Protein chains: 4
Amino acid sequence: MELPPQVQNMLAQLQTVQQQLQMVVSQKVQLENALKEVENAIQEVEKVEESTPIYKSVGTVLVKTKKEDVLKELNEKKETIEVRIRALSRQEEKLKERLKELQEKVKSMLSGVQAG
Amino acid sequence: MELPPQVQNMLAQLQTVQQQLQMVVSQKVQLENALKEVENAIQEVEKVEESTPIYKSVGTVLVKTKKEDVLKELNEKKETIEVRIRALSRQEEKLKERLKELQEKVKSMLSGVQAG
Amino acid sequence: MELPPQVQNMLAQLQTVQQQLQMVVSQKVQLENALKEVENAIQEVEKVEESTPIYKSVGTVLVKTKKEDVLKELNEKKETIEVRIRALSRQEEKLKERLKELQEKVKSMLSGVQAG
Amino acid sequence: MELPPQVQNMLAQLQTVQQQLQMVVSQKVQLENALKEVENAIQEVEKVEESTPIYKSVGTVLVKTKKEDVLKELNEKKETIEVRIRALSRQEEKLKERLKELQEKVKSMLSGVQAG
């Protein structure tokens, strides 16, 4: 049995939404790992005395810096990542709702097809 | 010839166990590489004089540290990795046994099917 | 309906060009990321005082360098990357044109086939 | 037309040899890149004055070292890589010969089949 065009169309939309959801989730996982790394760096730098030599890496270059400056940068980086994670979480929620809606529609359409 | 449902079910279980085994083995290989890296770092740091400048990298930051402190951290890291490798080895053993059992069952079921 | 040999041949060419285009685009993306990294390093090094200790990494080795020397190297690297990006952009344009031509040909061939 | 067992067997061997060849070639490419990196590091370290501070990275740790010591280590690393590249080149040659032999055999077998 061939599926009617509107069901095929729904299934195509469903697949697109699933792919978008997968991409959002994988970006979130990556950012959550980056967040852990930054939080760990902040924790390690905070432990250190004011006079301890610290370098930061910028690409292939290492530049000497101060505890205070590097903590400020790391905290800014942390906030940027957190903002992006929150945005991705909102996207994730919306895509999950959209997915549920589409699944319901496909389900009811298919039961209509089978009944017809 | 179509396979009977219980054989199909067994084959599905077999595939799941094989995939779990693959994942466990690949995690073990990764941890064994991490272990080699840590052991190599311990060896190199031990060779060095007490007064030699040493930095440890924390994310994108490098912080000056002492031979004694870095050796303590590296040894803790080593132990953590060893514990995880032992846990994965136990899982590997169990999955291999489970795989063997399932293979035996599928074999005897299939000989039953062919005889029937 | 089987496709006539010249259409099959065109479709094979089309696929080759699409693959070449994908490779060029992915190389360009990689180089654009490398460019951003170098530009960011230049910006960070420029901010720093003449007397600030700077190291550059060469494989697994870090060598102390000067602000002036590292900036010269980073700017050379930047130029090399920019030259390669421009070459890839030209290739990309040519492949896109070739793709469009082939798509037009296949389209007109196929309409000829259907009409025949 | 189904292929005779000995031809199928030959084709299976051919595929195995092709896969082995691919693996050897990809390992060689990786080692050649590692060689370039080491050679580049040697070149950069040689340019530097005896008094220039140099660190070597061992995993996540950086240890201060001397120009002389790091050059010795890098040259040893270079030799190890070169030995492995030579071994892979010999393997590559043998696999290519084996591949050619198998291709000839399959060809003559298939012409025999078609004639029969």
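Being a predicted model, the structure only gives us computed values, none of them experimental.

1. As for the environment of Lys67(B)
Residue and element names in this part refer to chain B. With respect to the element layout, Lys67 can be found in helix 2 (residues 67-115). When its relative accessible area of 12% is taken as the criterion, Lys67 is described as buried. Sequence-wise, Lys67 and Ser26 are 41 residues apart; in three dimensions their C-alpha atoms are separated by 33 Å. With sequence-adjacent residues up to four places away left out, Lys67 is seen in contact with Val45, Glu46, Val48, Glu49, Glu50 and Ile54. Engagement of the side chain of Lys67 in a polar contact is seen with the backbone oxygen of Val48, the distance being 2.7 Å.

2. Brief notes about the relation of the copies chain A and chain B
Least-squares fitting of chain A to chain B yields an RMSD of 0.1 Å, with the transformation described by 0.1 Å of translation along the axis and a rotation of 90°. Taken together, the rotation and translation relating the two chain copies correspond to the operation of a four-fold axis. By C-alpha distance to the rotation axis, the residue of chain A lying nearest is Leu62(A), at 6.1 Å. Residue by residue, only 19% of the interface of chain A is reproduced at the interface of chain B, so the copies engage with different surfaces.

3. Focus: the interface of chain A and chain B
Listed as interface residues are 16 residues of chain A and, on the opposing side, nine residues of chain B. Counting each side, the surface lost to burial between chain A and chain B is near 1,000 Å², with a carbon and sulfur contribution of 66%. For chain A, the biggest contributors to the area lost against chain B are Glu44(A), Pro53(A) and Tyr55(A); these three give 38% of the whole. In this structure, the connection of chain A to chain B is made through one salt bridge. Measuring nitrogen to oxygen at the nearest pair gives 2.7 Å for the salt bridge that ties Glu44(A) to Lys56(B). Inspection of the chain A/chain B interface yields four residue pairs in polar contact (both at pLDDT 80 or more).

4. Quick look at the interface of chain C and chain A
Size of an interface, as often reported, equals the accessible area lost when the parts are brought together. The partner chain A presents nine residues to the 16 residues of chain C that form the contact. Both sides of the chain C and chain A interface together cover about 1,000 Å² of buried area, and 65% of this is carbon and sulfur. Scanning the region where chain C abuts chain A turns up one salt bridge. Where chain C meets chain A, there are four residue pairs in polar contact (both at pLDDT 80 or more). When residues of the side of chain C that touches chain A are traced back to their parent elements, those giving at least two are helix 1 (5-47), strand 1 (54-58) and helix 2 (67-115) of chain C. With five residues, the top contributor of residues to the side of chain C that touches chain A is helix 1 of chain C. Class assignment of the residues belonging to the side of chain C that touches chain A gives a composition of nine nonpolar, three polar and four charged.

5. Quick notes on the pattern of salt bridges
Per the stated rule, a full pass over the model turns up 26 salt bridges over all chains. Put simply, Glu73(C) and Lys56(C) hold a salt bridge, and the shortest N to O gap is 2.6 Å. One end of the pair, Glu73(C), is in helix 2; the other, Lys56(C), is in strand 1, and 17 residues separate them in sequence. Given a relative accessible area of 33%, Glu73(C) falls into the partly exposed group. Look at the salt bridges and you will find they share partners, linking Glu44(A), Lys47(A), Lys56(B) and Glu73(B) into a network.

6. Considering the confidence of the model for chain A
Per-chain confidence: chain A averages 93 in pLDDT, with 96% of residues scoring 70 or above. We note a pTM of 0.82 for the whole complex and an ipTM of 0.76 for its interfaces.

7. Quick word on the pairing of strand 1 of chain C
All names here are of chain C. With four of five residues buried, strand 1 lies mostly within the body of the structure. When strand 1 meets strand 2 (residues 61-65), the two strands line up antiparallel, connected through five bridges. Across the sheet, Ser57 pairs through a bridge with Leu62, a residue of strand 2. Counting the residues that bridge the hairpin from strand 1 to strand 2 gives two residues, and of these Gly59 lies at a positive phi of roughly 60°.

Analysis parameters
- Sequence positions are assigned chain by chain, starting from 1 and proceeding in written order.
- Both sets of labels track the order of writing: A upward for chains, 1 upward for ligands.
- Confidence filtering applies because this is a predicted model: local features only for residues at pLDDT of at least 70, side-chain atom pairs given and counted only at 80 or more, and all residues used for totals across whole chains, interfaces and linings.
- Computation of side-chain values: all heavy atoms of the structure, hydrogens and water removed.
- Here a helix means four or more residues in a row that DSSP labels H or I, a strand means two or more in a row labelled E, and each is numbered from the N terminus.
- Here the term buried applies to any residue with accessible area under 20% of the maximum for its type, exposed to any over 50%, and partly exposed to those in between, with areas from a 1.4 Å probe on protein chains only.
- Contacts are assigned to residue pairs that have any heavy atoms within 4.5 Å of one another.
- The term polar contact refers here to a pair of N or O atoms within 3.5 Å; inside protein, the definition further demands a hydrogen-donor-capable atom paired with an acceptor-capable atom, and it admits residues adjacent in sequence only when both atoms are side-chain atoms.
- In superposing the copies, a least-squares fit is computed on C-alpha atoms, taking residues whose pLDDT is at least 70 in both.
- Here's the idea: put two parts together, see how much 1.4 Å probe accessible area each one loses, and the total over both is what we call buried area.
- When a carboxyl oxygen of Asp or Glu is within 4 Å of a side-chain nitrogen of Lys or Arg, the pair counts as a salt bridge.
- Amino acids are sorted into nonpolar (Ala, Val, Leu, Ile, Met, Phe, Trp, Tyr, Cys and Pro), charged (Asp, Glu, Lys and Arg) and polar (every other residue, Gly among them).
- pLDDT is defined as a per-residue confidence score from the predictor, taking values between 0 and 100.
- For two strands to be treated as a pair, DSSP must find at least two bridges joining them.

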